[in-house]
Amino acid sequence: MKRLVALGALVALTASACSGSGHPATSSSSPPTAAPREETKPAAERLPTFLPGMPRPLSPTDVWAADRPGQFAKAVRGVPLRIYVPNSGSNTVTEIDPRTYKVIRTFRTGREPQHVVPSWDLKTLWVNNDLGNSLTPINPVTGLPGRSIAVHDPYNLYFTPDGKHAVVMASNDKQLVFRDPHTMAVQKTVPVPCAGVNHADFAADGKSFLVSCEFSGQLLLVDTAAEKVLQVLKLPGMAGMHAPMPQDVKLSPDGRFYYVADMMSNGIWVVSTHPPVAIQDFIPTGKGAHGLYVTRNSRDLIITNRGEGSVSLFAFATRKVVKKIKIPGGGSPDMGGVSPDGNVLWVSGRYNSVVYAIRLSTGKLLARIPVGKGPHGLAVFPQPGRYSLGHTGVFR
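For the structure given in this document, a descriptive report is provided here.

Rules and cut-offs
Residues numbered from 1 in each chain as written. Predicted model: local features only at pLDDT ≥ 70, side-chain atom pairs only at ≥ 80, totals over all residues. Heavy atoms only, no water. Pairing = 2+ DSSP bridges. Helix = DSSP H or I, 4+ residues; strand = E, 2+ residues; numbered from the N terminus. Axes fitted to C-alpha atoms, helices over the stretch in contact; angles between N-to-C directions. Salt bridge = Lys/Arg side-chain N within 4 Å of Asp/Glu carboxyl O.

## Things to note about the sheet that holds strand E12 (residues 186-191)
In a beta sheet, neighbouring strands are held together by backbone hydrogen bonds and run either parallel or antiparallel to one another. Spatially, four strands are ordered E9-E10-E11-E12 in an open sheet, and the strand pairing comes out antiparallel. Since the sheet does not close on itself, it has two edges, and those belong to strand E9 (156-159) and E12, each with one partner. Adjacent strand axes in the sheet meet at a mean angle of 20 degrees when their direction is disregarded. Here strand E11 (residues 175-179) pairs with E12 via five bridges, running antiparallel.

## Concerning the pattern of salt bridges
Tallied over the entire structure, the rule returns eight salt bridges. With its nearest N and O atoms 2.7 Å apart, the salt bridge here joins Asp62 to Arg68. For Glu95, the salt bridge goes to Arg105, with nearest N and O atoms at 2.7 Å. Taken together, the residues Glu95 in strand E2 (residues 92-97) and Arg105 in strand E3 (residues 102-108) connect sequence positions 10 residues apart.

## Quick word on unusual backbone geometry
Here Pro275 and Pro276 are connected by a cis peptide whose omega angle stands at -5 degrees. By the element assignment, Pro276 lies in the loop between strand E19 (267-272) and strand E20 (279-284). Here the phi dihedral of Leu122 falls at roughly 70 degrees; this positive angle occurs in a residue that is not glycine. If you trace the backbone, Leu122 turns up in the loop between strand E4 (113-118) and strand E5 (125-129).

This is the structure we're talking about:
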């Protein structure tokens, strides 16, 4: 691979306009003329607009405000807390009781399950059997699987904020496939000009979402309602590093920036959200930066550094890594989620056939639980939040 020279950050500047009367100055002998009153738009016209049908954010300054401890939706009341682990190399899913750290059951799925994804309405967990070309539903009340549905190349799965569409990240097919969120019938297929579409997150208004392309080092801005690609952004190479390989994507609490993990550049890119999207900064976090998760108080971003067996905590306010937790003896922390109370990070050990439970306040490893081969997109369920945008649990 060619080594690319690091590019300067592209800073999007906004210009503010000053208003005046527009009249020539009066002479000193003339009586003063009052400046004309500035027209104001009705309050309704000044309010932000959202994707029709999506639930409005609980806070205008925090898109993650619905994820506080205890804020469970009615749909998950009475659902037992479990850790669902897709074992890509074993073609199985393992379920763990987080109170005892014991395995409850392991069942077979289609070939190469990649992620366990909560549905928009929180009533179903979908196992993405990528090479098996199917989705296996799990009933979260019983923890038992149902009959699989044929879906081609479901590497990852998301849901639009209005709950009207599932979006399959068809990595090998180089497509975004919009489907019925319940039956998974195809609604529209969108070819993409990149390789390895895998992760995404939605803008605060739900009107667009940013998608990472793992194998071509690109990002796609997609129009949610029109279901079309609006912009393709190429990540710049870092001097002395391999070509970029973007992974997880997460929106900042204030909705102004996307953070994109890059496992080859060993950190996170900061990308503006307003079209056209632009790169603002790059922050090193650790070797093999991979999964991104927001803490329950919306203060920090959790980054799993798969290549060095560590977890970084990045403060949104200062844009600095404020803490790094190293897994004793090393490991390969990949994908997972935060416990409902916000105290524990549950994450798969991709190349170690284990699941880690890490206390975020102290960095203590609470458990290292053996599972199948190649554990990947682990889901903690249920979690606080009104609805799911997909992946291993992006709740708002």
